[in-house]
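# A look at the structure
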Amino acid sequence: MEKFIDNLSPMDLMRSEKMSLVQLIIPVESAHRAVSYLGELGLLQFRDLNAEKSPFQRTFVNQVKRCGEMSRKLRFFKDQIIKAGLLSSIHPVVEPDVELEELEMQLAEHEHELIEMNSNSEKLRQTYNELLEFKMVLLKAGSFLVSNNNQAVAEERELSENVYSSDRYVEASSLLEQQMRTADQSGLRFISGIIFQSKALRFERMLFRATRGNMLFNQEPAGEEIMDPLSAEMVKKTVFVVFFSGEQARTKILKICEAFGANCYPVPEDFSKQRQITREILSRLSELETTLDAGIRHQNKALTSIGYHLTQWMSMIRREKAVYDTLNMLNFDVTKKCLVGEGWCPVFAKAKVQEALQRATFDSNSQVGSIFHVMDAVESPPTYFRTNHFTNAYQEIVDAYGIARYQEANPAVYTVVTFPFLFAVMFGDWGHGICLLLGAVVLIARESRLSTQKLGSFMEMLFGGRYVLLLMSLFSIYCGLIYNEFFSVPFHIFGGSAYKCRDATCSDAHSAGLIKFRDPYPFGVDPSWRGSRSELPFLNSLKMKMSILLGVAQMNLGIILSYFNARFFHSSLDTRYQFVPQLIFLNSLFGYLSLLIIIKWCTGSQADLYHVMIYMFLSPTDDLGENELFWGQRPLQIVLLLLALVAIPWMLFPKPFILKKLHSERFQGRNYGMLVSSEFDPDVEPDSAREQS
């Protein structure tokens, strides 16, 4: 609601729009529509008249909570759709908006249905996993057990790999195997189960330590992955069988299994019973697979139906929440049954705001219209620059550094040219510029389609700056032609070089032996400079001096803008003690340096500008000698140096003292008396405690 949008009426690019403080008195029955229409218009910024109240003390807090709850449900639906992998296959549809109460009921029904389906699916999946693990335990553990007439286990297989290398463990395991082969049936027991493959090694160590080696541990990979119900990922598991003797050992082993998350399943010793249980499990697994597939199809169908409307519902909820947040900024008059609001409005938009209020009154069938009138403002209005698709990105770049004061000159107007051009001075390569141009053209050509899609953070930034990229690419091509660089390779674009070899012994890669035989290269840098011995000194000097010229021009532009601001606000103080000394100081030093650079380029002089600028401060009266570029340079330098020295105190000291003096004169003659309350002295008038002036 607080963001102004583009407007097609004529705009003043140089300065921010004139603003008015307006008051709105809106009947309760049309308040929602009025705020909604004003939000679509985007030309009114409301002030918070309930700043002293907490969010829970405001009038429409319940509606905001309801919107927040519905937003939570929509996020839940989106997560479920993404989890099911249906987001890319769902194309949103646009339908008329439904009422908030009706939408709330629909969302509650969908949420209840999805939660119930998820709960049932989770239970079925857990049962399926348990049966699948039981089947694996029966198949793998059966190879460890050989039953014969209810006799004790007569055959065991040793561990495939002994993880404990100590002799004590080997001797204990061998002794236990001998005891188990000769033990009575009543003295030998076993526990079978399944555990995560990553925990099997630690699990075996813990069992060995807890039973002091009085056990035999057999394990084998399950052979297929099982879905973990907690992480919903496929994991590898290992089937194990632990042989032991005694009830105490059984208790310890069961506790360790519980601690490691191992699932234990009873495996009968009789081979026929194992086969019978396996057949029953396979039958139940087949039924559960059919049920799970049907449940997934039903859930996907429900999620697809929700996905068609998800984007529209999310947009509607965001809009409704913004409306109620704005209504909470208005004062609610219970006696008159109306809402009173204040806000800043551009002068040109008054008629549009009144039209939106009238339309809201008509659409809500209200018997009383909204009242709109302009108020006198004491505080400074907010700054509002109208933008369009082209200028919006440049305005955001300027606002990132600082927002201009109300009615100040707008730097974004000049940034439209200076920002992409300064980038091109650095980037200058017409090969890279063409690539950048193609990308910008694609973004602009698909503007209508991309503006309605949700883009990532990086693509959204590129799309927002598509016109910035366009000018960057065009200026980069221009500067690249000047630098004669195509992917850092020089080309004879505008004719042959002005230099040629003196004889057949000179090389094309070096400047030695090259002589100038015709006029300079018609446009840009001569390609013969590339690869020459003086390439870096020449190009670096060219680019550095050109950067100085552009930087000084940019700083002068900023100072000139400050003059127009001072003139607009009728501030002669800023003109005399800020604009004039800043302009003198800048151009006495850096402006003079820019002049020397231009003269050196035009005359072809070999003067050392570093030497000139350094000795301008150290020895201003010395003879310049070979560094003299024009007649009268030495006295001019002395005058410019004196002007720069005078401009420093002129710029820093007068303005603060003058402002202090004006402030003192404004409050001269005002004093403060003691506050005396009439509660304690009835003879004292209340007005006597006020400020005397």
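Residues numbered from 1 in each chain as written. Predicted model: local features only at pLDDT ≥ 70, side-chain atom pairs only at ≥ 80, totals over all residues. Heavy atoms only, no water.

Now for the overall build of the chain. Along its length, the chain carries 19 helices and 13 strands. The burial tally for the chain puts 36% of its 693 residues in the buried class. By sequence separation, contacts in the chain at least 24 residues apart represent 76% of the contacts at least 6 residues apart. Summed over all atoms, the accessible surface of the chain reaches about 41,400 Å², with 57% contributed by carbon and sulfur. (Helix = DSSP H or I, 4+ residues; strand = E, 2+ residues; numbered from the N terminus. Buried < 20%, exposed > 50% of the residue type's maximum accessible area, 1.4 Å probe, protein only. Contact = heavy atoms within 4.5 Å. Areas by Shrake-Rupley, 256 points an atom, 1.4 Å probe, with all protein chains shown as cover.)

A pair can form between side chains of opposite charge whenever their charged atoms are brought close. According to the stated counting rule, one finds 18 salt bridges in the structure shown. Among the salt bridges present, the one from Glu247 reaches Arg250, with a minimum N-O distance of 4.0 Å. Here Glu247 pairs with Arg250, and both are found in helix α6 (residues 247–259), just three residues apart, close to one helical turn. With relative accessibility at 45%, the residue Glu247 sits in the partly exposed group. Its salt-bridge partner being Glu408, residue Arg405 comes within 2.9 Å of it at the nearest N-O pair. Within the structure, one salt-bridge network assembled from shared partners comprises Glu69, Arg72, Lys73 and Glu111. (Salt bridge = Lys/Arg side-chain N within 4 Å of Asp/Glu carboxyl O.)

Read across the open sheet, the four strands follow the order β4-β7-β3-β8; overall the sheet is antiparallel. A strand with exactly one partner marks an edge of an open sheet, and here the two such strands are β4 (216–221) and β8 (263–264). Note: β4 against strand β7 (residues 237–244), six bridges, orientation antiparallel. From the neighbouring strand, Asn218 faces β7, where its bridge partner is Val241. (Pairing = 2+ DSSP bridges.)

A separate point is the confidence of the model for the chain. In the predicted model, the chain carries a mean pLDDT of 82, and 85% of its residues have values of at least 70. Within the chain, no element has a lower average pLDDT than helix α4 (residues 167–182), which sits at 41, and none a higher one than helix α11 (residues 430–445), at 93. Considering only residues more than four positions removed or in separate chains, one finds that residues 678–693, a stretch of pLDDT under 50, has 14 contacts. (pLDDT = per-residue confidence, 0-100.)

Let us look at the packing of aromatic side chains. Scanning the entire structure with this criterion turns up 22 aromatic pairs. Relative to Phe523, the ring of Phe494 lies with its centre 5.3 Å away and its plane at 65°, an arrangement referred to as edge-to-face. On the criterion of sequence distance, the pair formed by Phe494 in the loop between α14 (466–483) and β12 (499–501) and Phe523 in the loop between β13 (514–516) and α15 (535–568) is long-range, its members being 29 residues apart. An aromatic cluster is defined as three or more aromatic residues linked by ring pairs; in this entry it consists of Phe203, Phe217, Phe240 and Phe260. The ring of Tyr483 has Lys543 lying over it, and the distance from NZ or CZ to the ring centre is 4.6 Å. (Phe/Tyr/Trp six-rings, centres within 6.5 Å; stacked < 30°, edge-to-face > 60°. Lys NZ or Arg CZ within 6 Å of the ring centre and 35° of its normal.)

One finds Leu24, Leu38, Leu327 and Leu357 to be the most contacted residues of the largest nonpolar core, which totals 49 residues. Of all the elements in the fold, those that place two or more residues in this core are β1 (19–27), α1 (28–41), α2 (61–84), α3 (100–141), α7 (271–327), β10 (338–346) and α8 (350–363). Tallying contributions element by element places α7 first for this core, with 10 residues. In contact with Leu24, other than residues within four places in its own chain, are Leu38, Leu44, Phe46, Leu339, Val340, Gly341, Leu357, Ile371 and Phe372. Grouped together as the second largest cluster of nonpolar side chains are 22 residues, Phe190, Leu216, Ala222 and Val241 included. (Core = buried A, V, L, I, M, F, W, Y, C linked by side-chain atoms within 4.5 Å.)

Looking at the secondary structure, you find Phe46 in strand β2 (residues 45–46). Not counting chain neighbours up to four residues away, the residues in contact with Phe46 comprise Leu24, Leu38, Thr326, Met329, Leu330, Glu342 and Gly343.

Residues given the UniProt feature "transmembrane region" (unreviewed entry) here are residues 421–445, 466–483, 546–566, 578–599 and 636–653. Measuring from the first to the last C-alpha atom of residues 466–483 gives 25 Å, for a span that is 100% helix and 0% strand. (UniProt positions renumbered as here; feature names shortened; annotations may be inferred.)

Between its terminal C-alpha atoms α1 stretches 20 Å, which fits the 20 Å expected from 14 residues at 1.5 Å a residue. All of the buried residues in α1 are Ser30, Ala31, Ala34, Val35, Ser36, Tyr37 and Leu38. Packing partners of the buried residues in α1 comprise β1, β2, α7, β10 and α8. In the stretch just after α1, Gly42 is the one whose phi turns positive, near 70°. (Expected span 1.5 Å × (residues − 1).)

On to unusual backbone geometry, then. Its identity as a non-glycine residue notwithstanding, Gln407 has a phi of 70°, on the positive side. Examined against the element boundaries, Gln407 turns out to sit in the loop between α9 (392–401) and α10 (412–427). A residue is classified by how much of its surface remains accessible, and Gln407, at 7% relative accessible area, is buried. Despite not being glycine, His570 has its phi angle at roughly 55°, a positive value. On the secondary structure map, His570 appears in the loop between α15 and α16 (572–603).

Let us look at the pairing of β1. Walk down a regular strand and you will see the side chains alternate between the two sheet faces. Burial runs high along β1: eight of the nine residues are buried. The pairing of β1 with β10 spans nine bridges and is antiparallel. Residue pairing across strands places Leu24 opposite Gly341, the latter belonging to β10. Here β1 pairs with strand β11 (residues 371–375) via five bridges, running antiparallel. Directly across from Leu24, in β11, lies its bridge partner Phe372.

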